[in-house]
Amino acid sequence: MIEKIIDLSGFPLLDLFGVQEKNLKFIRQIFPKVKILVRGTTLKFTGNSEEIEFFEEKFNHILQHFETYNRLSENDIIQIVDSDSNFKLSEHATDKNVLLHGRNGKQIKPLTANQKKLVKACEENDMVFAVGPAGSGKTYTAVAMAVKALKNKEVKRIVLTRPAVEAGENLGFLPGDLKDKLDPYLQPLYDALRDMLPQQKLIDYLEDYTIEIAPLAFMRGRTLDQAFVILDEAQNATEMQMKMFLTRMGKSAKFIVTGDITQIDLPRNQSSGLLHALKILKNVKGLGIVQLTEKDVVRHRLVTEILKAYSA
């Protein structure tokens, strides 16, 4: 008899094995000659050499499927076990527009022509500016690109930042610790990540700083390398803050700057660093600029009508 172990740390076991271990019980039924035990984050399996080799190959394919689609059903397990040795991910992979699969297998992909332009610009440039109104998908698409890059091991970490303008980046009067003070300003970034990653995986990434969410002021003095970095709400960065942020770029980094020039909250005596950067950097090679409009809004239809009314 041979015994082997697979480390499952980093996998949300409740989602992987299902409620009351439904998927695990089904896997045991399919492999009755293999003794399968789960202890903590370790899967131990015992059997003869041929059975163990087959089970290990198929279970790794199951993990690959789950890591890609964030879901696993009995039908998925059957298809994977019945597939030949040249395993390929299922039919969802044929949609070239899908960036990744979020929680419960939700397909996350650009929905409009300009969102597709943003994806293409990000693939072709190391630094991209995405400018558009609220709800046009600029931040959501940028975060999806970042998560995709992390999953594909193109980068080692994600850094998400935005200016905490409302409190002048002096948050001392707010209750709680530093995280409590900052979270209200960074909530939209958390919302996007929760859509794209299993809850436990997101918690693990945040705890070990694989994903870092911080106010813009905390970027000073750093070099961000092997990272996918997003500056959100960039219209509220000052000219000096924008220069500081853009010069944090390391050799192996991807930067996306998103903002809405119609919602500048800076004091009247300060000019927007986003407007300034768009003006002076528009002819820089290797830098992409994508303009989204109210036609790209994918929220409630009333949002589009409201934006049109304010523009008029």
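An account of the accompanying structure is given in this report.

Cut-offs applied
- Residues numbered from 1 in each chain as written.
- Predicted model: local features only at pLDDT ≥ 70, side-chain atom pairs only at ≥ 80, totals over all residues.
- Heavy atoms only, no water.
- Pairing = 2+ DSSP bridges.
- Helix = DSSP H or I, 4+ residues; strand = E, 2+ residues; numbered from the N terminus.
- Axes fitted to C-alpha atoms, helices over the stretch in contact; angles between N-to-C directions.
- Buried < 20%, exposed > 50% of the residue type's maximum accessible area, 1.4 Å probe, protein only.
- Arc of directions from axis to C-beta.
- Contact = heavy atoms within 4.5 Å.
- Polar contact = N/O pair within 3.5 Å; in protein donor to acceptor, adjacent residues only side chain to side chain.
- Core = buried A, V, L, I, M, F, W, Y, C linked by side-chain atoms within 4.5 Å.

## Looking at the sheet that holds strand β2 (residues 35-39)
With antiparallel pairing, the 3 strands of this open sheet are ordered in space as β1-β3-β2. Strands with a single pairing partner mark the edges of an open sheet, and in this sheet they are β1 (2-7) and β2. Put simply, the sheet's adjacent strands are angled 20° from each other on average, direction ignored.

## Brief notes about the side chain of D232
Structurally, D232 is set in the loop between β9 (227-231) and α9 (239-246). Residue D232 is classed as buried on the basis of its relative accessible area, which comes to 3%.

## Re helix α10 (residues 273-280)
Buried within α10 we find G273, L274, A277 and L278. One face of α10 carries all of its buried residues, which in axial projection span an arc of 130°. Across α10 from its buried face, at more than 90 degrees, point the exposed residues K279 and I280. The inward-facing, buried residues of α10 abut β6 (127-131), α9, β10 (254-259) and β11 (287-291). The distance from a side-chain oxygen at the start of α10 to the backbone nitrogen of L274 is 3.2 Å, and the residue carrying that oxygen is S272.

## Quick notes on the nonpolar core
Ranked by internal contacts, the top residues of the largest apolar core, which has 36 residues, are V147, L193, M196, I211, I213, F228 and I230. Those elements that place two or more of their residues in this core are α5 (113-124), β6, α6 (138-151), β7 (157-162), α7 (178-196), α8 (199-207), β8 (211-215) and β9. Of the residues forming this core, the biggest block, 8 residues, is contributed by α6. If you look at the next biggest cluster of nonpolar residues, it comprises 25 residues, including V229, L231, F245 and L278.

Structural measurements only, silent on function.
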